[in-house]
Amino acid sequence: MALDAETRDQLIDTVRRFVTERLRPLEAQVSETDAMPDDVVAEMKELGLFGLSIPAEYGGLDLSMEEECLVAVELGRTSPAFRSAFGTNVGIGSQGLVMFGTDEQKAKYLPGIASGDIITSFALTEPEAGSDSASVQTRATKDGDVYVLNGSKRYITNANKAHLFTVMARTDPNKPGGGGVSAFLVPRDLPGLSVGKPEKKMGQQGAHICDVTFDNVRVPVENRLGAEGEGFKVAMQVLDRGRLHISAVCVGVAERLITDCVAYASERKQFGQAISQFQLVQGMIADCKTEALAAKALTMETARKRDAGQGVTMEAAAAKYFASEMVGRVADKAVQIFGGAGYVADYGIERFYRDVRIFRIYEGTSQIQQVVIARETLKRGG
Ligand code: COS
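Criteria and cut-off values
Residues numbered from 1 in each chain as written. Predicted model: local features only at pLDDT ≥ 70, side-chain atom pairs only at ≥ 80, totals over all residues. Heavy atoms only, no water. Buried < 20%, exposed > 50% of the residue type's maximum accessible area, 1.4 Å probe, protein only. Helix = DSSP H or I, 4+ residues; strand = E, 2+ residues; numbered from the N terminus. 1 Å grid on protein atoms, 1.4 Å probe; cavity = no way out; pocket = protein on both sides within 12 Å on 5 of 7 lines; lining within 4 Å. Points joined across faces, edges and corners; volume = space filled by probe spheres on them. Nonpolar A, V, L, I, M, F, W, Y, C, P; charged D, E, K, R; others polar. Domains from an automatic or database assignment. Contact = heavy atoms within 4.5 Å. Buried area = accessible area lost by both parts, 1.4 Å probe. Near = heavy atom within 4 Å. Polar contact = N/O pair within 3.5 Å; in protein donor to acceptor, adjacent residues only side chain to side chain. Areas by Shrake-Rupley, 256 points an atom, 1.4 Å probe, with all protein chains shown as cover. Salt bridge = Lys/Arg side-chain N within 4 Å of Asp/Glu carboxyl O. Core = buried A, V, L, I, M, F, W, Y, C linked by side-chain atoms within 4.5 Å. Axes fitted to C-alpha atoms, helices over the stretch in contact; angles between N-to-C directions. Parallel < 35°, antiparallel > 145°, perpendicular 65-115°, else oblique. Phe/Tyr/Trp six-rings, centres within 6.5 Å; stacked < 30°, edge-to-face > 60°.

Looking now at helix α5 (residues 80–90). The buried fraction of α5 amounts to eleven of the eleven residues, a majority that puts the element mostly inside the structure. Buried within α5 are the following residues: P80, A81, F82, R83, S84, A85, F86, G87, T88, N89 and V90.

Put into structure tokens, the structure is as follows:
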């Protein structure tokens, strides 16, 4: 449900100030320590960031997709690790429940997700099922009024902090592909569920991904999300939405980098003048700005279409594809504009260069987005 314009502007202004005054000064610290300070997380909870997308009746802010994207752009103007602290609660960790949960499931979990007391994770990827996510091998075998889960998941964001996992597991081993997969809400404290150590990553230190292993985990039947065999479709619809959110974050990071480039290029002098006066530098700034504007337009247009009830699988894939590739190019040009300083850690540009690399991979690689876009375009005949 959309906010009135004044409330929306106030929210965006509040998030912008939080990013500028509170988060930006902590970027280097979070990166060096690979940890998110507890007091920052507490402030995020107070601001309602964990519940941006959760319906108001469960204590969330109930933002429309367009509003969520506007907020995500603001959050993109700092290290993406900060957004990741609540990103799963807003997106892939909660939206299966919001879209497909029963009233009982929603009443049980959504208030805690909105407040940030329950951290959520989305467990789809496996060692042998990444881009081919319909081939999940984790098994859920029905045994009376429980499903018994066995298998392992890989690279699961926020798994180390999660209290509740949305897990895609195969309920019908005789049905290959997505049709044999079901989705489950799996509380962290069920016996047999274990979480591995956070992986060492290229970027986004302070955000974590881990393996999750299920060893005869007994999940009550009432924790199944949607009908048996519908789990793959649950996952795909969650990802359609998540891809838009990520596109907006990419736009925000690009805007941040452009601002930093303009500031640096206006200060840095070579050949007796600010390097911003050189047309070859201006060309790089113009390319960055043009691409960021284009990604923002595509993202917001797609968000509005989704808010209007239209199917946006193809458009969300196009937005994610373009915005994530765009921010990669912008980060590369930012290093170039900063020159030697772009390569030195103190300036933070090389950190963004590493941070943005994952946007082209998670929630569907660029190549998967191309597959989705091409299939749909061929189906539509143009
Ligand atoms: N919304 C609703 N339903 C969808 C859907 C969507 N976005 N995408 C696919 N489906 C449905 C299809 O309609 C089909 O239904 P029927 O069996 O009733 O016809 C079913 O799901 C299977 O679809 P499809 O045949 O397209 O499945 P594929 O195995 O070919 O896989 C891709 C499709 C490649 C697009 C999918 O596996 C994918 O997105 N992979 C990447 C996953 C990903 O993003 N991983 C990141 C990890 S999570 S952070």
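Summary: where empty space remains is shown by rolling a probe the size of a single water molecule over the atoms. As a volume, the second largest pocket reaches approximately 270 Å³. A28, A345, D346, G348 and R351 are the residues nearest the centre of the second largest pocket, which is lined by 17 residues in total. For the lining of the second largest pocket, the elements supplying multiple residues, two or more each, are α2 (27–33), α8 (231–267) and α12 (349–355). Per-class residue counts for the lining of the second largest pocket are six nonpolar, two polar and nine charged. When we break the lining of the second largest pocket down by domain, the ones giving at least three residues each are domain 1 (5–115) and domain 3 (233–380).

Here the protein is described as being made up of domain 1 (5–115), domain 2 (120–229) and domain 3 (233–380). Between domain 1 and domain 2, the residue contacts involve 21 residues of the former and 19 residues of the latter. Where domain 1 abuts domain 2, roughly 1600 Å² becomes buried across the two surfaces, and 55% of that area is made up of carbon and sulfur atoms. The largest contributions to the domain 1 side of the interface with domain 2 come from D34, Q105 and Y109, which together make up 30% of the buried area.

With respect to spatial proximity, 18 residues lie near the ligand, and among them S131, K233, D240, R243 and R375 are the closest. In the environment of the ligand, an oxygen atom lies 3.2 Å from a nitrogen or oxygen atom belonging to the side chain of S133. Contacts to the ligand include K233, whose side-chain N or O atom sits 2.7 Å from an oxygen atom. Coverage of the ligand by the protein chains reaches 65% of its 1000 Å² of free accessible surface. Contributing elements (two or more residues each) for the shell around the ligand: α8 and α13 (366–380). Of all the elements, α8 adds the most residues to the shell around the ligand, at seven residues. The residue inventory of the shell around the ligand, partitioned by class, reads seven nonpolar, six polar and five charged. Per-domain counts for the shell around the ligand show at least three residues from each of domain 2 (120–229) and domain 3 (233–380).

So, on to empty space enclosed by the protein. Tallying each qualifying case throughout the model produces one cavity of 30 Å³ or more. Considered as a void within the structure, the largest cavity measures approximately 40 Å³ in volume. Along the walls of the largest cavity sit E27, V30, S31, S79, A81, Q204, Q205, R351 and D355, which together make up its complete lining. Ranked by the residues each element gives to the lining of the largest cavity, the list is headed by α2, at three residues. Classifying every residue of the lining of the largest cavity by side-chain character gives two nonpolar, four polar and three charged.

What follows deals with the pattern of salt bridges. This structure, assessed with the given rule, holds 24 salt bridges. Residue R304 is joined to E301 by a salt bridge in which the shortest nitrogen-to-oxygen separation is 3.7 Å. Of this pair, R304 and E301 both sit in helix α9 (residues 279–307), three residues apart, which is roughly one turn of the helix. Assessed through its relative accessible area of 39%, R304 is described here as partly exposed. Between E350 and R354 there is a salt bridge whose closest N-O contact spans 2.9 Å. Residue E350 and its partner R354 are located together in helix α12, separated by four residues, close to a single helical turn. Classification of E350 by relative accessible area gives buried; the value is 17%.

All right, on to the nonpolar core then. Residues V253, L257, M326, V327, V330 and F359 are the most contacted members of the largest nonpolar core, which totals 42 residues. For this core, the elements supplying multiple residues, two or more each, are α4 (65–75), α8, α9, α10 (313–338) and α12. Examining the composition of this core, we find that 13 residues originate from one element, α8, more than from any other. Residue assignment places this core across two domains, with domain 1 (5–115) and domain 3 (233–380) each supplying three or more. Discounting residues that sit within four places of it in the chain, F359 has contacts with P80, Q204, I246, V249, C250, V253, K320, S324 and V327.

The next point concerns the packing of α4 against α9. Look at α4 against α9: their axes get within 7 Å of each other, and the N-to-C directions meet at 150 degrees. The pairing of α4 with α9 is recorded here as roughly antiparallel in orientation. Residues M65, E66, C69, L70 and V73 of α4 form the contact with α9, whose own contacting residues are K296, T299, M300, A303, R304, R306 and D307.

What follows covers the packing of aromatic side chains. Evaluated as defined, the whole model comprises seven aromatic pairs. Summarising the aromatic geometry, the rings of Y264 and Y347 are spaced 6.3 Å apart at their centres and angled 85 degrees between planes, so their arrangement reads as edge-to-face. With a gap of 83 residues between them, Y264 in helix α8 and Y347 in the loop between α11 (340–343) and α12 connect regions that are remote in the sequence. Y264 gets classed as buried once you look at its relative accessible area, which sits at 16%.

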